[in-house]
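What the coordinates show
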Amino acid sequence: VGTRRKALDTAVDKAGQPTTATLASWADVALRAGRFNLVVPALRDEFERNPGKSDIANRLAYAYLRLGRITDANTVMTNFAKRGTPDAYGFAVMAIVKAELGDVTGSDDAIKEALLADPDDQSVIAAQAYIALKFVRYRLGNQLSFNLNYDDLAGKDLPAKQESRATLVKLVGQLQQTQAARTETLYYRQAAFDKLGELSSAQKADR
């Protein structure tokens, strides 16, 4: 872990200061290194100058998401959607943002648009897996609501949680087909096995 951390930090140092032409690729290097606070000012300035650029909007919203700044991420994607055309990745980010804000309909609509844009995009599959892992839908009165998806297999199992687990397992299978070696895929595999109560398989998935 220490060696990887050093390599990522070195890559950021070597990337130098970004220009308008290199901003997106520079941001990718910094984002891989987890330097979210580093990329926000540069991306935000460029987004304010050119709010219709999907490559900048997507990266800025993602950085805000990773920093827990959900409202800022929502503002970026809302403003971008007025001036540009979201791609599959952009809609995937929007789906997570809306889920975090408790907007079930908005999240579902964004996933539908993402699937129309590119059903095979790995970010779209990963976004669906994230939502299935973290949230489960509950009906409160006449409205659907996202609640945190805590599981207690020893207690009362609910149909909504069964559906959420089944969805997560299906999506993890899709990620496994093309992204088996990625850390994110291994994480979702572990989480899926954990939710199924298959703890030995969950431990193996973490190795």
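That block above? That's the structure.
None of these values were measured; they are calculated from a predicted model.

1. As for the packing of aromatic side chains
- Taken as a whole, this structure holds 3 aromatic pairs when the rule is applied.
- Measuring from centroid to centroid gives 6.3 Å for Phe36 and Tyr62, while their planes differ by 75 degrees, and the two rings are edge-to-face. With Phe36 in helix H3 (residues 36–49) and Tyr62 in helix H4 (residues 54–66), this residue pair connects regions lying 26 residues apart in the sequence.
- With a relative accessible area of 25%, Tyr62 lands in the partly exposed category.

2. Examining helix H2 (residues 23–32)
- Most of H2 sits out of view: 7 of its 10 residues are buried.
- Every buried residue of H2 is listed here: Leu23, Ala24, Trp26, Ala27, Val29, Ala30 and Leu31.

3. So, the side chain of Thr185
- Along the chain, Thr185 turns up in helix H10 (residues 183–195).
- Every residue in contact with Thr185, bar those within four places of it in the chain, is listed here: Leu175, Gln176, Gln179 and Ala180.

4. Regarding the pattern of salt bridges
- Across all of its chains, the model carries 7 salt bridges by this definition.
- Between Glu46 and Lys53 there is a salt bridge, and its shortest N-O distance comes to 3.4 Å.
- With relative accessibility at 27%, the residue Lys53 sits in the partly exposed group.
- Ionic pairing is found between Arg182 and Glu184, a salt bridge with its closest N-O pair at 3.3 Å.
- By relative accessible area, Glu184 is classed as partly exposed at 41%.
- Within this structure, Glu46, Arg49 and Lys53 form a network of salt bridges that share partners.

5. Points about the environment of Thr85
- With respect to the helices and strands, the residue Thr85 is situated in the loop between helix H5 (70–83) and helix H6 (88–100).
- Under the relative-accessibility criterion, Thr85 is labelled exposed at 68%.
- Sequence separation of Thr85 and Gly173 is 88 residues, and the distance between their C-alpha atoms is 30 Å.
- Dropping the residues within four chain positions of it, Thr85 is found in contact with Ser54 and Phe80.

6. Side note on the pairing of strand E1 (residues 135–140)
- Relative to strand E2 (residues 143–148), E1 runs antiparallel, the two sharing 6 bridges. Note on E2: the bridge partner recorded for Leu140 is Gln143.
- Between E1 and the antiparallel strand that follows it, E2, lie 2 residues; Gly141 among them carries a positive phi value of about 70 degrees.

7. Things to note about the nonpolar core
- Core analysis: the largest hydrophobic core is formed by 40 residues, its most contacted members being Val39 and Val76.
- Residue assignment for this core shows that the elements contributing at least two residues are H2, H3, H4, H5, H6, helix H7 (104–117) and helix H8 (122–134).
- The biggest single contributor to this core is H6, with 9 residues.
- In contact with Val39, not counting residues within four places along its chain, are Trp26, Ala27, Ala30, Leu31 and Ala63.
- Formed by 11 residues, the second largest nonpolar core is a distinct cluster that contains Ile125, Val172, Tyr188 and Ala192.

8. Re the environment of Asn58
- By secondary structure assignment, the location of Asn58 is in helix H4.
- Leave out the neighbours within four places in its chain, and Asn58 touches Met77, Asp87, Tyr89 and Gly90.
- Polar side-chain contacts of Asn58 include one of 3.2 Å to the side chain of Asp87.

Each value, and the rule that gives it
Residues numbered from 1 in each chain as written. Predicted model: local features only at pLDDT ≥ 70, side-chain atom pairs only at ≥ 80, totals over all residues. Heavy atoms only, no water. Phe/Tyr/Trp six-rings, centres within 6.5 Å; stacked < 30°, edge-to-face > 60°. Helix = DSSP H or I, 4+ residues; strand = E, 2+ residues; numbered from the N terminus. Buried < 20%, exposed > 50% of the residue type's maximum accessible area, 1.4 Å probe, protein only. Contact = heavy atoms within 4.5 Å. Salt bridge = Lys/Arg side-chain N within 4 Å of Asp/Glu carboxyl O. Pairing = 2+ DSSP bridges. Core = buried A, V, L, I, M, F, W, Y, C linked by side-chain atoms within 4.5 Å. Polar contact = N/O pair within 3.5 Å; in protein donor to acceptor, adjacent residues only side chain to side chain.

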